[in-house]
Amino acid sequence: MADLLDDGPEPKQLSPREYRDSLKEALGDTFLRKTLDKFAVQYKANREAIFSGLEEKGLIAEVAAMKDQSIDRLEDLYEEFRAEASRKGMRVHLAKTADEAVRTIIDIARESGAKRVIKSKSMTAEEIDLNGALLEASLDYVETDLGEWIIQLRGEGPSHMVLPAIHLSRYQVAEEFAKAAAAPAGPHGDGPVGPGDPPGRQAGGPDRTPDGEDIGKLVKVARRQLRAHFVQADMGITGANFAVAKNGAIGLCTNEGNARLTTNLPGVHVALVGLDKLVPTAADALKVLRILPRNATAQPITTYVSWITGLPPSGQSGSVGSPQKSLHVVFLDNGRLDLAKDPKCREVLRCVRCGACANVCPVYRLVGGHRMGYVYIGAIGLILTYFFHGKEKAKQLVNNCVGCEACKDVCAAGIDLSGIISEIRARISESDGSPAVSKLLGLVMSNRPLFHTLLKYAKFAQKPVATGAYVRHLPTILLGDHGFRALPAIANRSFREAWPEIEAQDIAPKDGPRIALMAGCAHDFIYPDQLVAAVKLIRAKGGRALFPMEQSCCGLPSQMMGERRAAEKTALGNFLAFTEARFDYLVSLCPSCANQMKNRYPTLLAGSPGVSAEALESFAQRVIDFSTLLTQVLKYFPEDFTPARAPNSASGPVARASGAGGLPKVAYHSPCHLGRGLGVTGPPRALIAMAGEYLPTEGEEVCCGFGGTYSLKFPEMSSALMERKLEVLEASGAERLVTDCPGCVLQLRGGEEKRGRRLPVEHLSEFLARSLKPSL
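Since this is a predicted model, take the numbers as computed values, not measurements. (Residues numbered from 1 in each chain as written. Predicted model: local features only at pLDDT ≥ 70, side-chain atom pairs only at ≥ 80, totals over all residues. Heavy atoms only, no water.)

1. So, the overall build of the protein
- When its secondary structure is counted, the protein shows 36 helices and 21 strands.
- Burial status across the protein gives 60% buried among its 776 residues.
- For the protein, contacts bridging at least 24 residues in sequence account for 78% of all contacts bridging at least 6.
- Total accessible area on the protein is roughly 30700 Å²; 54% of this is exposed by carbon and sulfur atoms. (Helix = DSSP H or I, 4+ residues; strand = E, 2+ residues; numbered from the N terminus. Buried < 20%, exposed > 50% of the residue type's maximum accessible area, 1.4 Å probe, protein only. Contact = heavy atoms within 4.5 Å. Areas by Shrake-Rupley, 256 points an atom, 1.4 Å probe, with all protein chains shown as cover.)

Spelled out as structure tokens, the structure:
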């Protein structure tokens, strides 16, 4: 069977180097970057507006609960649907595999004598490569969704689940339409299928976005071209957004009239539906309908919502040679029933195919869907590629996730997308073996004495190439693609080495809250001054700082690399070390560490010998981020600070005006795992406003590109994300940048150092400790 992506922009399977090369090529497409940037900004604003006044998380939880109940009984729901639909004259089929689904649809076409097929957009049809099979069976097919028709003319797969042609300019669309109108009928009945950009019109070329192409005129051309196909078609093929078991009905949500024409005009209608679309009742389908269009296209409801059940009255035109219309519903398993029994990944079947995970993905925003999926696109695409098309096709894709959790934050069904991607990485690693570098790092980081000894001696090894706070003299051959930022030097004295002296200075009251410090790798060995500043702030309000010396890396880097056993070993060591400290709160100045310990440890350590579920729950509940600790536990207020004055000279090439009263204008970068993983947004901004003039900037919550080991695997992607972030900040008029994650400090401070702009970048603890009133 022809492979869907054979004519597309990316080969089926790529080596790591080939995949990175394809990413670099996409990064060079300036039109694509500009288009997806604009779309991401507009989508965020429109989504916020459409959910205004609604309990968004409540709607998502309602859908998640309903879908989980449906997943538990998919086979029963199928039988209920089949019985009711059959009673109404519909024919229901169950295909266990993609090939079986294709054969079923081809057989229906042959039995009915159909020769001409029209299709409404269906990602399930893309999943089984139905288009390739129709061509092999000598059936002329035409996509009637505008975006799908455009990419059919170009011989491409969709680059987005809802907006399949978002990667194309008006010029490219106009050129394809002109060819379709002028050329004789091709294999699809619409003129030749273009394999890609014509000569002189390559992606990213200077003439890619010409003026004067009127979108309204292009739509009229498409309408004129497609009308004849609607009238002449023998068979219509659609997907479905819902399959209601109780009524034996299917539901379709669309914004073009093509789906209704596809279901009504031909004599034969075939609906291809994944088993995961089954819901018990129409009321359950309406739960999805309340959130699906809002999440997909920021609409309260799609232009058309069509419900189909039973057959039309006798006498309506039917299949070739038959007076009666026929309606077939082909349900596709293709691994769904097995996935429903997978305790760690079954929630994937909640997906409503809204495409929002791609809309907010910083990686998708850079390179588009052809590099962020095989058939399905975005975070859900990385996952479904593994389950529906196999690990070989998923290997490179699942590594290209920065772990920012933006997808999880907007998922209409509350799926832990980033967590499942990590699970898939681990499964591939366990099945195929880990890359040597990942395995070695996992072994080292899970061995605390060895890891800390290596870091301790690294400060001596770096002396020939380190100057001040940075490693500056590494040969280019060693830097490779990692020279986009200045790398920090290992601190001369780690926090754990300084701790006995710091601990001896504690004069806090004995009844103060016991606050355990999670240093993590960065704060312990690279930025210990940030942790020293935090201790100052804790003690100023009567808190008692604790530092269990047996603690180590939080385990997130190992988990990101797919080294599950190393992550579990590290997590258990930290759990035991902190439990012995008898703390009231466990604070980390790194939101990624806090998120790992609060939200991932309960799963990682579930079932570990001697670790009860109650102990894990108690542990997780006491993990807290730094800004919440200061505002809600230690009760910091504006009067506790003497706001820092703006520096006398401008920092950077352009002088900036200070804010009200000479206070420095302070921009903020929100770390991914703080705002989304831990759900903390207000406290850090409120604290900044206590000690300076907080300056809101565009995209504060967008990932800086660090992502821990992600920046090592994909430096070109990390660099592009960082550069975009710094360009916005430098243009904002900010005099200082504050964030509360050491990884973000490393990325953004190193980027500023490399750019020579010198916008000061600080951790929140440093910024606040410097402004603390002497009386405290």
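2. Describing unusual backbone geometry
- Here the phi dihedral of asparagine 334 falls at roughly 50°; this positive angle occurs in a residue that is not glycine.
- Among the secondary structure elements, asparagine 334 is positioned in the loop between strand S10 (326-332) and helix H13 (336-339).
- Judged by its relative accessible area of 13%, asparagine 334 is buried.
- Unusually for a residue other than glycine, arginine 353 sits at a positive phi of about 60°.
- Its location among the elements puts arginine 353 in the loop between H13 and helix H14 (356-359).
- By relative accessible area, which is 13% here, arginine 353 ends up buried.

3. Looking at the nonpolar core
- Residues Phe81, Leu278, Phe331, Val367, Leu417 and Met717 are the most contacted members of the largest nonpolar core, which totals 107 residues.
- Per-element tally for this core: the top contributor is helix H16 (residues 378-389), with eight residues. (Core = buried A, V, L, I, M, F, W, Y, C linked by side-chain atoms within 4.5 Å.)

4. A short note on the sheet that holds strand S16 (residues 585-588)
- The four strands are arranged S15-S14-S16-S17 in an open sheet whose pairing can be described as parallel. Of all strands in the sheet, those bounded by a partner on one side alone are strand S15 (544-546) and strand S17 (623-625). Going across the sheet, the axis of each strand differs from the next one's by a mean of 35°, ignoring polarity.
- In terms of strand pairing, S16 meets S17 through three bridges, oriented parallel. Counted as the bridge partner of serine 588 is aspartate 625 from S17.
- Running at roughly 90° to S17, helix H30 (residues 626-633) makes contact with strand S14 (514-518), S16 and S17 of the sheet. (Pairing = 2+ DSSP bridges. Axes fitted to C-alpha atoms, helices over the stretch in contact; angles between N-to-C directions.)

5. What about the environment of glycine 369?
- By the secondary structure assignment, glycine 369 is in the loop between helix H15 (362-367) and H16.
- If we ignore the near neighbours within four places in the chain, the residues touching glycine 369 are Ser159, Tyr364 and Ile377.

6. Brief notes about the pattern of salt bridges
- A complete count under the given rule lists 49 salt bridges for this structure.
- The salt bridge involving glutamate 698 is made with arginine 724; its shortest N-O contact spans 3.2 Å. One end of the pair, glutamate 698, is in the loop between strand S19 (693-694) and helix H33 (710-713); the other, arginine 724, is in helix H34 (residues 715-731), and 26 residues separate them in sequence.
- On the accessibility criterion, glutamate 698 (45% relative accessible area) is partly exposed.
- Taking relative accessible area as the criterion, arginine 724 reaches 31% and is therefore assigned partly exposed. (Salt bridge = Lys/Arg side-chain N within 4 Å of Asp/Glu carboxyl O.)

7. Observations regarding the sheet that holds strand S4 (residues 235-238)
- If you walk across this open sheet you meet the six strands as S1-S10-S7-S4-S2-S3, and the pairing is parallel. Two strands close off the open sheet at either side, each with one partner strand: strand S1 (91-95) and strand S3 (140-143). Strand-to-strand, the axes of this sheet are offset by a mean angle of 20°, without reference to chain direction.
- One ladder, built from four bridges, connects strand S2 (residues 116-119) with S3; its direction is parallel. By the bridge assignment, lysine 119 is partnered in S3 with glutamate 143.
- Along the sheet, helix H4 (residues 74-87) contacts S1 and S10; its crossing angle with S1, the most-contacted strand, is approximately 155°.

8. A closer look at the side chain of threonine 263
- Mapped onto the elements of the fold, threonine 263 is located in helix H11 (residues 258-264).
- The class for threonine 263 is buried, based on a relative accessible area of 7%.
- A polar side-chain atom of threonine 263 sits 3.4 Å from a polar atom in the side chain of asparagine 264.
- Excluding residues that lie within four positions of it along the chain, threonine 263 makes contacts with Thr238, His269, Ile308 and Lys325. (Polar contact = N/O pair within 3.5 Å; in protein donor to acceptor, adjacent residues only side chain to side chain.)

9. Points about the confidence of the model for the protein
- Model confidence for the protein is summarised by a mean pLDDT of 89, while 90% of its residues fall at 70 or above.
- In this model, residues 1-11 is a region of pLDDT below 50 whose contacts with residues beyond four sequence positions or in other chains number 28 contacts.
- A low-confidence stretch, residues 185-212 (pLDDT under 50), is modelled with 62 contacts involving residues beyond four sequence positions or located in other chains. (pLDDT = per-residue confidence, 0-100.)

10. With respect to a positive patch on the surface
- Residues Lys217, Lys220, Arg223 and Arg227 make up a contiguous surface patch of positive charge.
- Considering the arrangement of structural elements, one finds arginine 223 in helix H10 (residues 215-232). (Patch = residues over 30% accessible without salt bridge, like charges linked within 9 Å, V, L, I, M, F, W, Y side chains within 5 Å. Lys, Arg positive; Asp, Glu negative; His and termini not counted. Charge placed at Lys NZ, Arg CZ, Asp CG, Glu CD.)

11. Some thoughts on the packing of helix H9 (residues 170-182) against H10
- The interhelical angle for the contact between H9 and H10, taken along N-to-C directions, is 30°, at an axis separation of 11 Å. As far as their axial angle goes, H10 and H9 are roughly parallel. Crossing geometry of H9 relative to H10 is assigned as left-handed. In this structure, H9 uses Arg170, Val173, Ala174, Phe177, Ala180 and Ala181 to contact H10, whose residues at the interface are Ile215, Leu218, Val221, Ala222 and Gln225.
- Taken together, the residues that form the contact of H9 with H10 break down as nine nonpolar, one polar and one charged. (Parallel < 35°, antiparallel > 145°, perpendicular 65-115°, else oblique. Left-handed = near helix turned anticlockwise from the far one by under 90°. Nonpolar A, V, L, I, M, F, W, Y, C, P; charged D, E, K, R; others polar.)

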